[in-house]
Amino acid sequence: MGRAAPVADFAEPSYQRVQNEEGKMNASEETMKSEQVIDIRRWEDLPLDCLVNIFKRLGVEDMTTGVPFVCKSWYEAHLNPSCWKILDLRAMYKWPQSPFIGRFMHEYRLKKFTTRGFLKIIINRSHKSLTELILPDYLLPLSEMVYICKECPMANVYASWHSEQDPGFIRSFVMTFNGAVKQHLST
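What you see is a predicted model; the values in this text were computed from it and never measured.

Trainee: Sorry if this is basic, but what is going on with the overall build of the chain here?
Mentor: Scanning the chain from N- to C-terminus turns up eight helices and five strands. Of the regular secondary structure in the chain, the N- to C-terminal order runs β-α-β-α-α-α-β-α-α-β-α-β-α. Here the chain holds 187 residues, and the buried ones make up 30% of them. Here the analysis covers contacts within the chain between residues at least 6 apart in sequence; of these, 62% occur between residues at least 24 apart. As displayed, the chain has an accessible area near 12500 Å², and 55% of this comes from carbon and sulfur atoms.

Here it is as structure tokens:
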């Protein structure tokens, strides 16, 4: 029976030449050490499913202004719809004055930030399979709430100002209220 081959931790290693403490190699050291290599594991070398598993635990801010700008593999992994199934917008306090908005506009090279534009991005990234949306402490305009409810019919909408005991309450209220407003305006 032969020995089992060692199992790699999580990715193919990258290699780098070994250098002395000063960071330089003289001619004899370079010749001697030219064949020596060390393993360096890099985050971007993680398999896609591992990156997705990590990213689906991150908040909206990291997923929109951080992760997609690190490297190509992170960008591709962050596009997986399972990373966007649960969105918690509570961290975006004081929206639209939030520092997040400035970073978002900078990263996406926007001249103007709109709530609808932002919602379109996150809903499209979820492939409309959003299952849970936790609203910020302030109220979104009715039109934005209706947009969320129509675009993501499976999403349960929660808010800090409402208990989570009835996950369909906010959706039901928004759609009923919107219908009543439309009916009132048409008369």
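Anyway, onward from the coordinates.
Trainee: Mind showing me how you'd approach the packing of aromatic side chains here?
Mentor: Given two aromatic rings, their pairing is described by the distance between the two centres and the angle made by the two planes. One pass over the full model with this rule turns up eight aromatic pairs. Here Phe100 and Phe104 contribute two aromatic rings whose centre-to-centre distance is 5.7 Å and whose plane-to-plane angle is 45°, an arrangement assigned as tilted. One end of the pair is Phe100 and the other is Phe104, both in helix H5 (residues 99-107) and four residues apart, which spans about a single turn. Residue classification places Phe100 among the buried residues on the basis of a relative accessible area of 1%. Arranged with centres 4.6 Å apart and planes meeting at 35°, the rings of Phe104 and Tyr108 form a pair that is tilted.

Trainee: Mind showing me how you'd approach the sheet that holds strand E3 (residues 86-88) here?
Mentor: An order of E3-E4-E5 is seen for the three strands of this open sheet, with the pairing classed as parallel. Strands at the two margins of the open sheet, each flanked by one partner only, are E3 and strand E5 (156-158). Each adjacent strand pair in this sheet contributes to an overall mean axis angle of 10°, direction not counted.

Trainee: Got a minute to help me understand unusual backbone geometry in this structure?
Mentor: When glycine is set aside, most residues are seen to have a negative phi, and most peptide bonds are trans. You will see that His127, though not glycine, has its phi angle at about 55°, which is positive. Here His127 is to be found in the loop between helix H6 (115-125) and strand E4 (132-134). Unusually for a residue other than glycine, Lys128 sits at a positive phi of about 60°. Here Lys128 lies in the loop between H6 and E4. Of the residues examined, Lys128 reaches a relative accessible area of 41% and is grouped as partly exposed.

Trainee: Whenever I open this one, H6 confuses me. Can you help?
Mentor: Residues that lie three or four places apart on an α-helix share one face, since the helix turns once every 3.6 residues. Along H6, the residues classified as buried are Phe118, Leu119, Ile122, Ile123 and Arg125. Projected down its long axis, H6 shows its buried positions confined to an angular sector of 160°, all on one face. Buried residues along H6 sit in contact with helix H3 (60-65), helix H4 (72-78), E3, H5 and helix H7 (142-151). Directly after H6, the chain includes His127, whose backbone phi takes a positive value near 55°.

Trainee: Any chance you could explain the pattern of salt bridges here in plain terms?
Mentor: It is possible for side chains bearing opposite charge to pair when their charged atoms get close. Tallying each qualifying case throughout the model produces three salt bridges. The shortest N-O distance in the salt bridge between Arg103 and Glu61 comes to 1.7 Å. Of the two residues, Arg103 sits in helix H5 while Glu61 sits in helix H3, which places them 42 residues apart along the sequence. On the basis of relative accessibility, which here comes to 24%, the residue Glu61 falls in the partly exposed class.

Trainee: Teacher, can you tell me more about the confidence of the model for the chain here?
Mentor: Do not read the predicted coordinates in detail wherever pLDDT is low. Of the residues in the chain, 68% have a pLDDT of 70 or more, and the chain-wide mean is 75. Considering only residues more than four positions removed or in separate chains, one finds that residues 5-20, a stretch of pLDDT under 50, has 38 contacts.

Trainee: Could you clarify how one ought to interpret the nonpolar core in this entry?
Mentor: Soluble globular proteins tend to bury their nonpolar side chains together. Grouped together as the largest cluster of nonpolar side chains are 36 residues, with contacts concentrated most on Phe55, Leu87, Phe118, Ile122, Leu133, Leu135 and Met145. Taken together, the elements giving at least two residues each to this core come down to helix H2 (48-55), H3, H4, H5, H6, H7 and helix H8 (169-186). Apart from the residues within four sequence positions on either side, Leu133 is in contact with Leu87, Leu89, Ile148, Asn156, Val157 and Tyr158.

Rules used in this analysis
Residues numbered from 1 in each chain as written. Predicted model: local features only at pLDDT ≥ 70, side-chain atom pairs only at ≥ 80, totals over all residues. Heavy atoms only, no water. Helix = DSSP H or I, 4+ residues; strand = E, 2+ residues; numbered from the N terminus. Buried < 20%, exposed > 50% of the residue type's maximum accessible area, 1.4 Å probe, protein only. Contact = heavy atoms within 4.5 Å. Areas by Shrake-Rupley, 256 points an atom, 1.4 Å probe, with all protein chains shown as cover. Phe/Tyr/Trp six-rings, centres within 6.5 Å; stacked < 30°, edge-to-face > 60°. Pairing = 2+ DSSP bridges. Axes fitted to C-alpha atoms, helices over the stretch in contact; angles between N-to-C directions. Arc of directions from axis to C-beta. Salt bridge = Lys/Arg side-chain N within 4 Å of Asp/Glu carboxyl O. pLDDT = per-residue confidence, 0-100. Core = buried A, V, L, I, M, F, W, Y, C linked by side-chain atoms within 4.5 Å.

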